[in-house]
Structures are given as C-alpha cells and as structure tokens.
Amino acid sequence: MSKEALVDKVTVKDAKLFIDGEYVDAMSGETFDTLDPATNRKLAAVANGNENDAKRAIEVAQRTFESGVWRGMSVEERSRILCKMSDLILERVDELAYVETVDVGKPIKESRGFDIPRAASNFRFFAEMAKYIVHEHYPNHHIMSYAQYAPVGVTSLIIPWNLPFMQLTWKASAALAAGNTVVVKPASYTPLSAVMLGEIANEAGLPPGVLNILTGPGSTLGTAITTHPNVRRISFVGESKTGKTVMRNAADNLIPVSLELGGKSANIVFEDADLDEAVEGSIDAIYRNQGEICLAGSRLLVQESIYDKFLEKFVEAVKKIKVGDPTNETTDMGALVSKGHLDTVDQYVHIGLSEGAKLAYGGKKVAGLEKGNFYEPTVLYDVDNRMRVAQEEIFGPVLAVIPFKTEEDAIRIANDSIYGLAGVVWTNDLRRAQRVTSGVNSGLLWVNCWYIRDLRTPFGGAKASGIGREGGRHSFEFYTEAKTVTMKL
C-alpha cells in the first residue's frame, strides 16, 4: 500500500486508558502529547494516568481474576480467543504498522514486514502452546503425586518505546495464555499501538478486566504497578538502571520479576567468515530500528588480518543506507524517538572522537531533515574496548569497530562488559563457532545470522542485561505457580 493510501486510510486517534474493557479518561482529566519523531509535530493527546488510575486498574484485574471468568475458562476456549486476537492483528496490519511507524519513527517496511506480523505470531504461539503444556504426575504404589501449574493473578508489564507493539504482545500473550489478568504500561514516548490492543481484545471476546492498559509517566504509574501488593508477577523491558528500581520495588512484596535490560553486544567477524554475508548481517545488527534495539551488535570485533578489507566493504555498504521519511517504503533508517535522544547519540559520537576513536562515516544529524530526529548511520573505528562508546549503551545508529588478534582475544573483549544480552559470531569453522559461543557470556548468541528467533527457546540476558528467561515453557514457568499435590489412593 502506498504512503498516500495509508495516510488516507489511517486516522491516528487520541489515546485513553483501557480499564475493565472500556476506554476512559485519566481520573485527573490530564493528557500529554505524543510526537511524530520525523517532524516533532503532535500526533495525539494521551491520557496522563496516575497512582489512582493504576490502583483502579489493579483492583479491576484482581477482581476479574478472582471471579474465574478467565482463569476458570477451559484452555481451549482461552486459546480460541487469543488466536482470534492474532487474526485481528493481521487484519489490521497496515493500520497498526502505520501507527507504529509514525509514533516510533521506524521504517514502515519494518513495521509492516516484521513487527506487526511477529506480534500476531506471539499470540498464536502462546495460545497454541498453552494447550500442550505437560503437567507432571508421579505414581508410587498407593500414592499419587502431581504438579499443577496455576495462573498467579495480576501481572504487571512495563513495555519499552523501541518495539512497543511487538514487546507488548510478547509479554501479554504468554501471561494471558497462562490464565492471568494483565496491567500494561507502555512507554510514554510510544503509547499509541499498545492502546489499540484494547479494541482488538474486545472484538476477540476477551472478558472485560482481563487486559488493562495504562498510559502515563513511569515515575508514577511504573512505581504504582510494581509496588501494589495484589501484583504477583512483574515483567520489565528497559534500561538497566530502571530495572534495578523495579527489582527494589518488587522486593517489599516478594514479587518475582523478569528483567530484560540493556546490552552492548559483540558482533565478532573472523578471518574465515563469508565477508559479504557478515557485512550485510552486521549492518542489520546495528542500523535496524535506527540502532534503538537492545540486541544490537553495537561492538563490531574484526580480526586484524581482515580488518582493513572488512572495514572498507562495510563503509561502502553503509553509504547506501537511505535515511528519511519513515512512512516511505524505500527508507532504510528512520528517525530517533525524541530530540533529547538525538542529542544524546550525537554527544556519544563526540565523546568517542575525544577518546581517540576515528570516524569512518556519519557522525552528525542529517542535513535537510532538521525538523525531525534524524542521525546518520555512524561508524567509529580503531576503538579501544575501554572507551565509553564501547562500554556504554548508546541505543542509536553508532557502531564501535574494534580489532582483535586471536580467538581468545575476541572472547576476552566480548566479555569485557557489564552487559551480556546477545552476540554474533561470523565464521565458517563450526568448531570455532562452538568454542566462541561457549566462551562468550551472553544470554543469546547467533552464528552467521542475527535476530532470528524460535519462540520456543529461552530469551534473556546475563550480568547487567537482566534476570530470568521468557519464551516457550520458560514463559509459562514464570507466569504460573507450581503446586504439588500428593494423594493417597
């Protein structure tokens, strides 16, 4: 569908809170504006929820859970409703993709081609998997012991601004499939697609009160939904400092948490790699979604024997990246989420240069697009891993290229970070691939590819990149409580 057709078809609506199956204003009546990152113009007015709104949503979710209207429903019926939500997401893929693009600043071809279809897949995957979770039983003469995996109750989900709809559905679909009720707080920068999930839930027949969506500041809403005693699980995606706050908040009520936090992942290219394949994959790993992705391969480690050759091929490919209007189908890289974040990214580039890094390409705001938050895809090379640009998460289109000598050297540099979320290894030596993936301390590692996900596998980070795992059975283990029953026959 052309940009003009999308603009004519989609109306970006003001966003209200979604509580108990209805869209409502914040109790205070206050709103805030969400902006289009490509123009910094107002997109919509958004309800500015506070502690009272959070308390109401949690009370509704608790009451709904206790009523049994959702948790008492057969797993087949719950699955049917969640599969219907998946179908409805796909029916509205153009609308959701457009809203996601203008709210986040990401290219429409990413929103339509990946984010929204993946969101639909999230619902279908967990809906179907819920029907096949194996419950344990252990017969022993006249004694039968078995384990039940029961829904826990109210689940709080805090969603980041970079991939809002995909992240929301990844968390909510699993929590709902397990039989819980959910209270969601999307990021204030990008709330619009999350709020639209309420319409989809109602149309699919999800009972009122099962899904509740709150918009507003994290300082009030985030605190409220991570400290309320009726909340029994918290899943948070965001930067590590905020993750620590969430964990402290949860501690008072002994609420289990799942934290997916920051990253500074090493993308390692060995001399025996397919260089063309590695160039293409490495560009995707840092410049997709403008580099605003926790899994980004933001440290590019290249073996010294191919360092100059690879860097030359890489920079030539970077020069072909088209930065511009996110709603244009030919755009490869859109706008950063806010003007403040744009300035932060630019500051990091200057820090890197002052530390001794060299600039191969980019390094400034895009000329002619000053009204929006556009930054050039940037390559810093001859970076020392001790530099701030190699140690701190920039969360933008800035790559730090670091040379290494040996396999052991690469593993050492990769692990020399407070983070441990992800990593990539480019090599045609399978034994080397096994040694390096075993040696790098990260929750996810790819070999000769990036960002491919089997939803059955565990997802999460090591060190400052998080606590816990979600995905497949790991999600059901987190969103349920195991209960052992022993019965004399």
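The coordinates are above.
Residues numbered from 1 in each chain as written. Predicted model: local features only at pLDDT ≥ 70, side-chain atom pairs only at ≥ 80, totals over all residues. Heavy atoms only, no water.

1. A word on the overall build of the chain
The helix and strand inventory of the chain stands at 16 helices and 22 strands. For a compact globule of 489 residues, the expected C-alpha radius of gyration is about 23 Å, and the chain comes in at 23 Å, within 12% of that figure. Here the C-alpha coordinates of the chain stretch approximately 70 × 60 × 40 Å along the principal axes. Considering only contacts in the chain between residues 6 or more positions apart, those separated by 24 or more positions represent 74%. Surface accessibility of the chain: about 19400 Å² in total, with carbon and sulfur atoms responsible for 51%. A distance of 3 Å separates the average location of the 54 positive side-chain charges in the chain from that of its 63 negative side-chain charges. (Helix = DSSP H or I, 4+ residues; strand = E, 2+ residues; numbered from the N terminus. Rg over C-alpha atoms; globule rule 2.2 N^0.38 Å. Contact = heavy atoms within 4.5 Å. Areas by Shrake-Rupley, 256 points an atom, 1.4 Å probe, with all protein chains shown as cover. Lys, Arg positive; Asp, Glu negative; His and termini not counted. Charge placed at Lys NZ, Arg CZ, Asp CG, Glu CD.)

2. Quick word on unusual backbone geometry
At histidine 141, a residue that is not glycine, the phi angle is positive and equals roughly 55°. Turning to its location among the elements, histidine 141 is positioned in the loop between β5 (137–140) and β6 (143–151). With a phi angle near 55°, aspartate 382 is a residue other than glycine that sits in the positive phi range. Within the secondary structure, aspartate 382 sits in the loop between β15 (378–381) and α13 (388–391). Residue aspartate 382 is classed as partly exposed on the basis of its relative accessible area of 29%. (Buried < 20%, exposed > 50% of the residue type's maximum accessible area, 1.4 Å probe, protein only.)

3. A look at the pattern of salt bridges
Applying the stated criterion to the full structure yields 31 salt bridges. Between arginine 80 and glutamate 77 there is a salt bridge, and its shortest N-O distance comes to 2.8 Å. Linking arginine 80 with glutamate 77, this pair stays in helix α3 (residues 75–91), spanning 3 residues, or about one helical turn. The class of arginine 80 is partly exposed, set by a relative accessible area of 44%. Ionic pairing is found between glutamate 376 and lysine 364, a salt bridge with its closest N-O pair at 3.3 Å. Here glutamate 376, found in the loop between β14 (358–361) and β15, pairs with lysine 364, found in the loop between β14 and β15; they are 12 residues apart in sequence, far enough to count as distant. (Salt bridge = Lys/Arg side-chain N within 4 Å of Asp/Glu carboxyl O.)

4. Thoughts on the environment of threonine 484
By the element assignment, threonine 484 lies in strand β22 (residues 480–488). Each C-alpha atom, one on threonine 484 and one on tyrosine 146, is 5.7 Å from the other, the two residues being 338 residues apart in sequence.

5. Some details on the packing of helix α4 (residues 93–104) against helix α5 (residues 108–129)
Relative to each other, α4 and α5 sit at 120°, their axes nearing to 9 Å. On the basis of the axis angle, α4 is oblique to α5. In the packing of α4 onto α5, the handedness of the crossing is right-handed. Packed against α4, whose contacting residues are Val93, Asp94, Leu96, Ala97, Tyr98, Glu100 and Thr101, the element α5 presents Ile108, Ser111, Arg112, Ile116 and Pro117 at the interface. Within the contact of α4 with α5, the residues separate by chemical class into 7 nonpolar, 2 polar and 3 charged. (Axes fitted to C-alpha atoms, helices over the stretch in contact; angles between N-to-C directions. Parallel < 35°, antiparallel > 145°, perpendicular 65-115°, else oblique. Left-handed = near helix turned anticlockwise from the far one by under 90°. Nonpolar A, V, L, I, M, F, W, Y, C, P; charged D, E, K, R; others polar.)

6. Topic: the packing of aromatic side chains
Aromatic ring pairs are described here by two measures, namely the spacing of the ring centres and the angle between the planes. Evaluated as defined, the whole model comprises 14 aromatic pairs. With a centroid separation of 5.5 Å and an interplanar angle of 55°, the aromatic rings of phenylalanine 126 and tryptophan 170 are classed as tilted. With phenylalanine 126 in helix α5 and tryptophan 170 in helix α6 (residues 164–177), this pair connects stretches of sequence that are 44 residues apart. We note that phenylalanine 126, like tryptophan 170, is buried. A ring pair is formed by tryptophan 161 and tyrosine 189, whose centres lie 6.3 Å apart and whose planes are at 85°; its orientation type is edge-to-face. (Phe/Tyr/Trp six-rings, centres within 6.5 Å; stacked < 30°, edge-to-face > 60°.)

7. Considerations on the nonpolar core
With 107 residues, the main nonpolar core has Ile89, Leu197, Val269, Tyr287, Leu295, Phe310 and Phe314 as its most contacted residues. Each residue touching leucine 197, except ones within four places of it in the same chain, is listed here: Met85, Ile89, Phe123, Phe165, Leu168, Leu211 and Ile213. If you look at the next biggest cluster of nonpolar residues, it comprises 28 residues, including Ala266, Leu301, Ala357 and Ala414. (Core = buried A, V, L, I, M, F, W, Y, C linked by side-chain atoms within 4.5 Å.)

8. Let's talk about the environment of serine 240
Take serine 240: it is sitting in helix α9 (residues 240–251). C-alpha of serine 240 to C-alpha of valine 102: the two residues are 138 residues apart in sequence and 27 Å apart in space. Beyond its immediate sequence surroundings of up to four residues, serine 240 is in contact with Leu261, Gly262, Tyr419 and Ala464. A polar contact of 3.4 Å, which involves the side chain of serine 240, links it to the backbone nitrogen of glycine 262. (Polar contact = N/O pair within 3.5 Å; in protein donor to acceptor, adjacent residues only side chain to side chain.)

9. Observations concerning the sheet that holds β22
Taken together, the 3 strands give an open sheet; going across it, the order is β5-β6-β22, and neighbouring strands pair in antiparallel fashion. Looking at which strands have only one partner, the edges of the open sheet turn out to be β5 and β22. Sheet twist, expressed as the mean angle between neighbouring strand axes with direction ignored, is 15°. Two strands pair when backbone bridges link them, and β5 and β6 are joined in this way by 4 bridges, in the antiparallel orientation. Counted as the bridge partner of tyrosine 138 is serine 145 from β6. (Pairing = 2+ DSSP bridges.)

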